[in-house]
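Commentary on secondary and tertiary structure
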Amino acid sequence: MGFSRGCLGSFLVATMVFFVAQGDPLVPALCIFGDSVVDAGNNNNLYTLVKANFPPYGRDFVTHRPTGRFCNGKLATDFTAEYLGFTSYPPAYLSQDAKGRGLLTGANFASAASGYDDRTADLYRAISLTQQVSNYKEWQNKVVGMVGKARANAIFAGAIHLLSAGSSDFVQNYYINPLLNRPYSPDQFSDILMRSYSTFVQNMYRSGARKIGVTNLPPTGCLPAAITLFGSNSNKCVSRLNRDAVSFNSKLNSTSQDLVNKFPGLKLVVFDIYQPLLDLVINPTDNGFFESRKACCGTGTIETSLLCNARKLPTKAERPVIKSSRKLGPLASLGLEKNRIPARTTAE
């Protein structure tokens with residue numbers, strides 16, 4: 001449940017991908033984990049209200065039809081797949097497209113309304129991060145069955161694994177859940193999330209993954225829903241939520257560095273999306289947008305899933321202005337040899 005932040009994926013391309021020449025993919029596979037920012041349709045097959053498989057979602061996608069992406073067009077991970085040289089996007093693992101040899105190039109395990117804390121997913125009947133890892137291991141068994149263990153292990157080690165999570169844990173769970181915000185301070189809750197993040201990375205490493213990228217938290221206090229719910233009738237970013245995000249991001253960096261030090265051969269990159277998105281909110285016109293405080297569907301307050309539908313006011317397509325491909329560099333720190341551009345924030 002992205003609370004109108006799913007479409008920020010079309011901007012995250014400016015920090016998650018880099019430009020490469022046409023040719024074979026730079027990596028053998030791309031696997032996606034997380035929440036609504038990267039869900040490509042897994043929630044379509046769940047008994048949950050958190051879905052995006054109806055108009056106006058998908059209006060500007062390549063098929064011009066809703067796919068389950070919480071966006072009018074492509075997600076950041078779709079752009080990532082393109083720039084890595086893939087000719088198709090990782091299919092949602094629970095979809096009918098996730099079958100046969102098409103799975104050899106990866107899959108999307110993400111689920112809108114999921115998070116680091118499995119209790120977040122449980123609230124919305126989404127796929128928890130723990131279950132996403134289990135689905136990933138099931139995918140691995142299918143790959144082994146198709147190409148044999150040796151080649152499969154090479155695919156797992158060479159693949160890029162991307163994770164986007166954390167915002168749902170705070171905005172859709174902690175801040176509105178007295179069972180969490182009364183016994184735990186934001187700092188204590190972020191420690192709980194760090195333990196889940198560490199467990200995720202260790203489970204992936206033990207499963208053969210060696211290249212993992214994770215986005216830090218955006219300025220959560222600037223999300224349209226956060227302004228609506230916690231902004232005290234103001235149109236300004238909620239500063240206390242942004243402070244919590246900054247604190248979380250600091251812990252994410254230090255935890256990632258500890259994991260890299262602990263596990264030989266692990267390439268773990270933290271993608272810094274906080275500052276670029278904060279800059280976008282503060283100066284939207286400089287980045288090709290005319291609005292940065294309202295949701296893109298309907299009245300501009302809280303629209304996601306069923307609250308964004310064909311009866312609402314039409315969304316407006318707007319493309320970010322990417323001024324220089326030289327800035328699109330964090331994935332290079334995952335060991336891609338064709339374009340050695342330093343990452344913005346990296347634990348190596």
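That block above? That's the structure.
Described in the following lines is the structure provided in the data block.

Reading the values: the criteria
Residues numbered from 1 in each chain as written. Predicted model: local features only at pLDDT ≥ 70, side-chain atom pairs only at ≥ 80, totals over all residues. Heavy atoms only, no water. Helix = DSSP H or I, 4+ residues; strand = E, 2+ residues; numbered from the N terminus. Expected span 1.5 Å × (residues − 1). Buried < 20%, exposed > 50% of the residue type's maximum accessible area, 1.4 Å probe, protein only. Arc of directions from axis to C-beta. Contact = heavy atoms within 4.5 Å. Pairing = 2+ DSSP bridges.

1. Some points on helix 4 (residues 129-147)
Two residues of an α-helix separated by three or four positions point the same way, owing to the 3.6 residues in each turn. Look at helix 4: 27 Å from first C-alpha to last across 19 residues, which is about the 27 Å you get at 1.5 Å a residue. Regarding helix 4, the residues found buried are L129, Q132, V133, N135, Y136, W139, Q140, V143 and V147. For helix 4, the angular spread of buried residues about the axis comes to 155°, placing them on one side. For helix 4, the exposed residues lying more than 90 degrees away from the buried face are N141 and G145. Each element contacted by the buried residues of helix 4 is listed here: strand 1 (30-34), helix 3 (118-124), helix 5 (149-158), strand 2 (160-164) and helix 8 (186-206). Just past helix 4, the residue G148 takes up positive phi, approximately 90°.

2. What about the side chain of N249?
Among the secondary structure elements, N249 is positioned in helix 10 (residues 239-262). When near neighbours in sequence (up to four residues on either side) are disregarded, N249 contacts N216, L217 and Y274.

3. Here's the deal with the pairing of strand 1
Of all five residues in strand 1, five are buried; the element is thus mostly enclosed. Residues L30, I32 and G34 line one face of strand 1 and the alternating positions C31 and F33 line the opposite face, and both faces are buried. As paired strands, strand 1 and strand 2 are joined by five bridges and run parallel to one another. Within strand 2, the residue paired with L30 across the bridge is I160.

Purely geometric numbers; function is a separate question.
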